[in-house]
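Secondary and tertiary structure notes
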Amino acid sequence: GYVRKLLALYGDYNNNDDHDDDNYDNNNPHPNAAELATVVKSILLLNDPEIIEYVTTHAPTFERICAVLEHDPELRRRADHLRFLSDRARFRTVVRMDDEELVGNVHRLFRVNYLRDVVLRPTMDEGSLSTLVSLGQFTMSDIVKGVVVQNCRNG
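Quick caveat: nothing in here was measured; it's all calculated off a predicted structure. (Residues numbered from 1 in each chain as written. Predicted model: local features only at pLDDT ≥ 70, side-chain atom pairs only at ≥ 80, totals over all residues. Heavy atoms only, no water.)

Attention now moves to the packing of helix 4 (residues 59–69) against helix 6 (residues 100–119). Two elements in contact, helix 4 and helix 6, have axes separated by 12 Å at closest approach and are oriented at 5°. Classed by the angle they form, the pair helix 4 and helix 6 counts as roughly parallel. On the side of helix 4, the interface is formed by Ala-59, Phe-62, Cys-66 and Leu-69, while helix 6 contributes Arg-111, Tyr-114, Leu-115 and Val-119. Residue classes in the contact of helix 4 with helix 6 are distributed as seven nonpolar, no polar and one charged. (Axes fitted to C-alpha atoms, helices over the stretch in contact; angles between N-to-C directions. Helix = DSSP H or I, 4+ residues; strand = E, 2+ residues; numbered from the N terminus. Parallel < 35°, antiparallel > 145°, perpendicular 65-115°, else oblique. Contact = heavy atoms within 4.5 Å. Nonpolar A, V, L, I, M, F, W, Y, C, P; charged D, E, K, R; others polar.)

A few words on the packing of aromatic side chains. Tallied over the full model, the rule gives three aromatic pairs. Each ring, one from Phe-62 and one from Tyr-114, has its centre 6.2 Å from the other, and the planes form 70°; the classification is edge-to-face. You can see Phe-62 sitting in helix 4 and its partner Tyr-114 sitting in helix 6, a full 52 residues away along the chain. Phe-62 gets classed as buried once you look at its relative accessible area, which sits at 2%. Here Tyr-114 falls in the buried class, since its relative accessible area comes to 8%. Ring pairs connect the aromatic residues Phe-62, Phe-84, Phe-110 and Tyr-114, which therefore count as one cluster. (Phe/Tyr/Trp six-rings, centres within 6.5 Å; stacked < 30°, edge-to-face > 60°. Buried < 20%, exposed > 50% of the residue type's maximum accessible area, 1.4 Å probe, protein only.)

We now examine unusual backbone geometry. In this structure, Asn-47 takes a positive phi of about 65° despite not being glycine. Among the structural elements, Asn-47 can be located in the loop between helix 2 (33–44) and helix 3 (49–57). Note on Asn-47: relative accessible area 23%, which makes it partly exposed.

Following this line, the structure appears as structure tokens:
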């Protein structure tokens, strides 16, 4: 609940028409973006598997997390996660997948890996890495099981 409310602060400002468009800076869309990014990153680095699972399971939440973390003050230059996710990252299947849960797990695995390898990599400690690796392995296991079950059904 508190992660959703925290992320709403970023979205409420971004969707608010009250700010003066002439003075609006696209590179800093929220007046406290750096502070918000620090808080969000700290929450993610708590190594709480439930939080990480929540963030990586829901696409809109994951995208909002990435948008907030673009303003991480510890980065040398601003990240461009949303542009990458919308313009470059594409889901292509090489094996037919009819099961929506299986497809969802593939998307979640991508999000876990992106979070681990790109978003949190510069400041991640060993505990955070371990949590993300474990979640990735469990998700990969679910994917393999789903593919095997699907192939058994299809004959």
